[in-house]
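Overview (structure and organization)
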Amino acid sequence: MDYGKKSLELHAKWKGKIDIVCKAPIENKQDLALAYTPGVAAPCLAIQKDIRKSYDLTWRKNTIAVVTDGTAVLGLGDIGPEAGMPVMEGKCALFKRFANVNAVPLCIKSKSVDDIVKTVYLLSGSFGGINLEDIASPRCIEIEDKLKAMCDIPIFHDDQHGTAIIVAAAVINALKVVKKDMNKVTAVINGPGAAGMAIGKLLLKMGIGNLIFCNRTGILNPNDKKINIYQKQLAKITNKKKLKGTLTDALKGADVFIGVSAGNILKPEMIKGMNKKPIVLAMANPIPEIMPDVALKAGVEIMGTGRSDFPNQINNVMVFPGIFRGALDAGAKQITDEMKITAAKAIAKLVKPSQLNKNYILPSALDMTVPKAVAKAVADCWKKSQRKK
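Residues numbered from 1 in each chain as written. Predicted model: local features only at pLDDT ≥ 70, side-chain atom pairs only at ≥ 80, totals over all residues. Heavy atoms only, no water.

**Let's talk about the packing of aromatic side chains**
Between two aromatic rings, the relevant description is the distance of the centres plus the angle of the planes. Using the criterion set out here, one finds 3 aromatic pairs in the structure. For the pair Phe95 and Phe324, a centre-to-centre distance of 5.6 Å together with 80 degrees between the ring planes defines the contact as edge-to-face. Of the two residues, Phe95 sits in helix H5 (residues 81-99) while Phe324 sits in helix H14 (residues 320-330), which places them 229 residues apart along the sequence. Looking at Phe95, the relative accessible area reads 0%, which means it is buried. Among the aromatic residues, those joined into a ring-pair cluster are Phe95, Phe156, Phe320 and Phe324. (Phe/Tyr/Trp six-rings, centres within 6.5 Å; stacked < 30°, edge-to-face > 60°. Helix = DSSP H or I, 4+ residues; strand = E, 2+ residues; numbered from the N terminus. Buried < 20%, exposed > 50% of the residue type's maximum accessible area, 1.4 Å probe, protein only.)

See below:
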C-alpha cells in the first residue's frame, strides 16, 4: 500500500481525525436552561469559590492540550504549526483511543520560548494537563522547565519523557534476558538531543552503572563550546572513565547501545567491540542506526527498533496515554521522575517471565492492557507521594 497516498485521501475525507461531541441534551427549554443560562450560573459560582471544582464541573478533569510550534514534526523538521496539525490530531486520536482522554491540538504560530510559555500558561486553566509535542531541541527543554515552574497541572514533553520511559522498560527486560544487572552495565547513547538526554537522565535515576553520550563528533566533552548547556551538564556527570574518542571507542566493552540519531551509523565492527551479549536499541526512523539483520549477524543478542515490522518495537504510544490517564485520575499536579520510573516498570512487568525472550521484551503497541497498567501505576505513585507529605 502507498501509505502516503491513501492517508492523504482519508484525511480529505475525514476533515479532521477528532471531533467534539455534546454530552448534554438540548432538546427543549428546560434542557437549555440547565446546560446554559440561567442554570449554568450555579456551577460558575461554585468554581469561583473553589477553583478545584473546575475539575468536577467541567471537562477539565479529562482533557489535555497537545501543544506544538511545528518546528520538529515527526521526522519532517520545521514545517510550521499548520502543517503540524495532522500529527497533533493523530496524537489526540491516540489519547482518546487508548486511554479515553480528551485532547485538543494547539498549534502555536511562534518560535519564541516566551511566546509559547505565555500562551500555554494563559490557557492552562482550561485543561487538566499539557502534552508538549514536536518542538525543536533545546528550546523544548526550556519551555517545559518554565511551564512546570508556572503551572499547577502536569506538563509532559512526550518526545523526551515518553521515549525515555519506553526505552527504560526495554532496557529493564533486555537486561533480564541477558542476565545482567542495571547497576553494573555500561550504556552508550548516540544522539544527545531532547530524547537522548531524557533517556540518559532516567537511566541515571534508575541506577545505570555507567553512561556515555556520543554526538556526531564522538564522545560528549563538557568543554566543547559547540554543545548546549543541557548537554554540558550531562557530560559532566556521565562517562565515569573519562573516555575520549569516537563512537567506536565509547562502545568498547559497553553492554547497551541506544540510538536516537541517524540511520546506518552503527557499524558491525563497532558491535564486535562491545561486551558479550550486547543489546542494541536503534530507534532512528525510518532507517535505524543499524538494520536488524546486520546487527544480529555481527553478534547482537537483543535488537530493538522504532519500527513495527521488526520484533521489539520501541513505541511511546505505550506510554503517553496511560501517563495522562493516571495523572488525571489522581489529580496530579506534575509528573515526577518516580512516576516515570513506575510507568517503565509497569510496562516491563506486562511481559511475563514465561514470555520474555530476545524477540519479545516489550508488549505490543496495540495491547490495550498497557495504558491501563501504566495509568494505575502512575496514579498510585502520585497518591503514595502525597500520603508521605
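We are not done yet, so read on.
**Details of the sheet that holds strand S2 (residues 102-107)**
Within the open sheet, the 4 strands sit side by side as S2-S1-S3-S4. Their pairing is parallel. Each of the sheet's edge strands pairs with one partner strand only, and the pair in question is S2 and strand S4 (155-157). Going from strand to strand, the sheet's axes swing by 25 degrees on average, the running direction of each strand aside. Judged from the 6 bridges that link them, strand S1 (residues 63-68) and S2 form a sheet pairing that is parallel. When the bridges of S2 are listed, Ile64 appears paired with Ala103. The sheet contacts of H14 involve S1, strand S3 (129-132) and S4, and relative to S3 the element is tilted by about 160 degrees. (Pairing = 2+ DSSP bridges. Axes fitted to C-alpha atoms, helices over the stretch in contact; angles between N-to-C directions. Contact = heavy atoms within 4.5 Å.)

**Section: the pattern of salt bridges**
Under the criterion given, the structure shown has 15 salt bridges. For Lys91, the salt bridge goes to Glu133, with nearest N and O atoms at 3.1 Å. Residue Lys91 is located in helix H5, and its partner Glu133 is located in the loop between S3 and helix H7 (139-150); the two are separated by 42 residues in the primary sequence. Note on accessibility: Lys91 and Glu133 belong to one class, buried. (Salt bridge = Lys/Arg side-chain N within 4 Å of Asp/Glu carboxyl O.)

**Observations regarding unusual backbone geometry**
Residue Pro38 is reached from Thr37 by a cis peptide bond, and omega for that bond is 10 degrees. Mapped onto the elements, Pro38 comes out in the loop between helix H2 (29-35) and helix H3 (41-49). One non-glycine residue with positive phi stands out, namely Lys15, at about 55 degrees. One can find Lys15 in the loop between helix H1 (3-14) and H2. Positive phi values are uncommon outside glycine, yet Lys179 reaches one of about 60 degrees. Relative to the assigned elements, Lys179 resides in the loop between helix H8 (158-178) and strand S5 (186-190).

**Some points on the nonpolar core**
Residues Ile130, Ile165, Ile258, Ile323, Ile347 and Leu362 are the most contacted members of the largest nonpolar core, which totals 95 residues. Sort the elements by how many residues they give to this core and H8 lands first, with 12 residues. Ignoring sequence-local partners within four residues, the contact set of Ile323 consists of Phe156, Ile165, Ile335, Ala343, Val374 and Val378. Residues Leu251, Leu266, Ala295 and Ala298 belong to the second largest nonpolar core, which totals 20 residues. (Core = buried A, V, L, I, M, F, W, Y, C linked by side-chain atoms within 4.5 Å.)

**Here we look at the packing of helix H6 (residues 113-123) against H7**
Packing of H6 against H7 brings their axes to within 10 Å, and their N-to-C directions diverge by 35 degrees. Along this stretch, H6 crosses H7, giving a crossing that reads as right-handed. Side by side, H6 and H7 meet where Val113, Asp114, Ile116, Val117, Val120 and Tyr121 of the first sit next to Arg139, Glu142, Ile143, Lys146, Leu147 and Met150 of the second. A breakdown of the residues in the contact of H6 with H7 according to their chemical character gives 8 nonpolar, no polar and 4 charged. (Left-handed = near helix turned anticlockwise from the far one by under 90°. Nonpolar A, V, L, I, M, F, W, Y, C, P; charged D, E, K, R; others polar.)

**Thoughts on the sheet that holds strand S8 (residues 256-259)**
Neighbouring strands of a sheet are bound in pairs by backbone hydrogen bonds; such pairs are parallel or else antiparallel. One open sheet holds the 6 strands; their spatial order is S7-S6-S5-S8-S9-S10, and the pairing between them is mixed. Each having just a single partner strand, strand S7 (218-219) and strand S10 (302-305) make up the two edges of the open sheet. Two strands pair when backbone bridges link them, and S5 and S8 are joined in this way by 4 bridges, in the parallel orientation. Opposite Asn190, over in S8, you have Gly259 as the bridge partner. Against the sheet, H8 touches S8, strand S9 (279-282) and S10, its axis set at about 155 degrees to S9.

These figures capture arrangement, not role.
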